[in-house]
Every structure is written in C-alpha cells, then in structure tokens.
Amino acid sequence: GAVDFEYRFEPDSEAATDEVEQDATLRLRSNALVQRAGLELEELTGTLRLSEGALSGDQLRGRLAGTPVTLSDLRAVRANDRLVAEARVVAPGIPIRGPLLGQVLEEESAERLMEEFDLRGMLDIDEGRLHIESRAGEEPVLSLSGLATLSDVFVAVGAPVSIRSARLDLQRLEVRVK
C-alpha cells in the first residue's frame, strides 16, 4: 500500500566517533501485513516511527478477517536473532464462526468446532495486549492477554449451551502461526 516516508538524521557534534542520531516516520495509507498462515491485517492506516532501533506507533487501524482492529502503544524491536512486538489491541464484533477462527486454528479444528459443536456467537476484545515473537526460520508465536467479552454464544456439547454475555480475563492465549 501507499506509505509517506520522512527520514531525519543529525550528526552528534560532541561525539568522538561518527555517531548519527536518526529516525524515520512512516505514514501508512491502506497497507496490509500478511503472515504465512493467512493472518492478514488489511487496510492498515496510522503512523509508525523508527528510532533508536525500535519501531513504534499509536492508533494504527486496520481490519483482521473483516473485523475492525485498533493497535496502540505498538513497539517492535529486534533483539539478538528474534523480533519482539507488543501492542494494546481493541477489536469489537469478531464473529466466532467467521473467517478469523479458520485463520487462528488449524482448518480441521475450526471445522470440527463449527460442525460438530455448532459453535457460534461474537467476541469483543475490549482491552487486549498482543505479544508477537518471531525467530528467524521458526514459526511466529502470538499471545493475547487482557479483557474480552463473549456475547450470544451457542455450543452443543451433549446438551445445548447458550451464553448471553460473559466477561473473560485472558491470562495468555497462545497461537503458533504456521
């Protein structure tokens, strides 16, 4: 997608070496971040700043499997041989039966939940914390913690169970992206 790029550097006149202070600002306009597993954050807009080896941003907006997502307090750094990113996340109105379930779970598991257990309903991530860690040559690991709300959930586990509304305090929901 389209990106506006601004780069600034200033030589440090007091330093004995050729140290240069530098940073870059990226303004995203309808971009997409794609993972190998099909997790795709589309229509991404907002401002990212690269400074002192860290990428940071606030109020990045996009769509994940058609669901609006807002990332704030984003910070990503490369340390040793891994990339670590963290952000606060808000995502209202995620359909449990929707395409996101198939992207997060293995296709066979997602189909089984929907077909055998008739799983359906909505999930709101109200105050989430997203942590992504990726090492070269390995599958990235995503973990989500924070507060979420289930609404109008139905599942048939022997007997039908219906949940009008439930508040979840996620300690650590971990997904290995394949």
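About the thresholds
Residues numbered from 1 in each chain as written. Predicted model: local features only at pLDDT ≥ 70, side-chain atom pairs only at ≥ 80, totals over all residues. Heavy atoms only, no water. Helix = DSSP H or I, 4+ residues; strand = E, 2+ residues; numbered from the N terminus. Buried < 20%, exposed > 50% of the residue type's maximum accessible area, 1.4 Å probe, protein only. Contact = heavy atoms within 4.5 Å. Areas by Shrake-Rupley, 256 points an atom, 1.4 Å probe, with all protein chains shown as cover. Core = buried A, V, L, I, M, F, W, Y, C linked by side-chain atoms within 4.5 Å. Salt bridge = Lys/Arg side-chain N within 4 Å of Asp/Glu carboxyl O. Patch = residues over 30% accessible without salt bridge, like charges linked within 9 Å, V, L, I, M, F, W, Y side chains within 5 Å. Pairing = 2+ DSSP bridges.

Novice: Could you clarify how one ought to interpret the overall build of the protein in this entry?
Specialist: When its secondary structure is counted, the protein shows two helices and nine strands. Taken from the N to the C terminus, the helices and strands of the protein come in the order β-β-β-β-β-β-α-α-β-β-β. A burial count over the protein gives 30% of its 178 residues as buried. Across the protein, every contact between residues at least 6 apart in sequence was considered, and the portion connecting residues at least 24 apart equals 45%. Entry remark: accessible area of the protein is about 11400 Å², with carbon and sulfur atoms responsible for 51%.

Novice: Would you mind showing me how to read the nonpolar core here?
Specialist: Among soluble globular proteins, nonpolar side chains are generally buried collectively. Ranked by size, the top nonpolar core spans 16 residues in total, and within it Leu60, Val69, Leu71, Val89 and Ile125 carry the most contacts. When contributions to this core are tallied by element, the ones reaching two or more residues are strand E3 (40-51), strand E5 (67-79), strand E6 (82-95), strand E7 (120-135) and strand E8 (141-157). Top element by residues in this core is E6. It accounts for four residues. Those residues in contact with leucine 60 that lie beyond four places of it in its chain are Leu28, Leu44, Thr45, Gly46, Thr47, Leu48, Val69, Thr70, Leu71 and Leu74. Counting five residues, the second largest nonpolar core, distinct from the first, contains Leu119, Leu150, Val153 and Val155.

Novice: Help me out: how do you make sense of the pattern of salt bridges in this one?
Specialist: Oppositely charged side chains can pair when the atoms bearing their charge come close. The final tally for this structure, using the stated rule, is eight salt bridges. Note that arginine 129 is salt-bridged to glutamate 86, the shortest N-O span being 3.8 Å. With a gap of 43 residues between them, arginine 129 in strand E7 and glutamate 86 in strand E6 connect regions that are remote in the sequence.

Novice: How should I be thinking about the side chain of serine 143 in this particular structure?
Specialist: With respect to the helices and strands, serine 143 occurs in strand E8. Ignoring sequence-local partners within four residues, the contact set of serine 143 consists of Arg129, Leu130, His131, Arg172, Leu173 and Glu174.

Novice: Is there a simple way to think about a nonpolar patch on the surface in this case?
Specialist: On the surface, a nonpolar cluster with roughly 210 Å² of combined accessible area is contributed by Val157, Val161 and Ile163. Here valine 161 falls in the partly exposed class, since its relative accessible area comes to 37%.

Novice: Help me understand the pairing of E3, please; the structure alone is not making it clear to me.
Specialist: Two faces make up the sheet, and in a regular strand the side chains alternate between them. Relative to strand E4 (residues 54-64), E3 runs antiparallel, the two sharing eight bridges. The residue of E4 that forms the bridge with leucine 50 is leucine 55. Counting the residues that bridge the hairpin from E3 to E4 gives two residues, and of these glutamate 52 lies at a positive phi of roughly 50°.

Novice: Which parts of the structure should I look at to understand the environment of alanine 54?
Specialist: With respect to the element layout, alanine 54 can be found in strand E4. When residues no more than four places from it in sequence are discounted, the contact partners of alanine 54 are Arg49, Arg75, Ala76 and Val77.

Novice: Please explain unusual backbone geometry as it appears in this structure.
Specialist: Backbone geometry follows two general trends: most residues other than glycine have a negative phi, and most peptide bonds adopt the trans configuration. Phi is positive for glutamate 52, which is not a glycine, with a value near 50°. Looking at the secondary structure, you find glutamate 52 in the loop between E3 and E4. Overall, glutamate 52 belongs to the exposed group, its relative accessible area being 79%. The phi dihedral of aspartate 118 falls on the positive side, at around 50°, and the residue is not glycine. Relative to the helices and strands, aspartate 118 resides in the loop between helix H2 (107-116) and E7.

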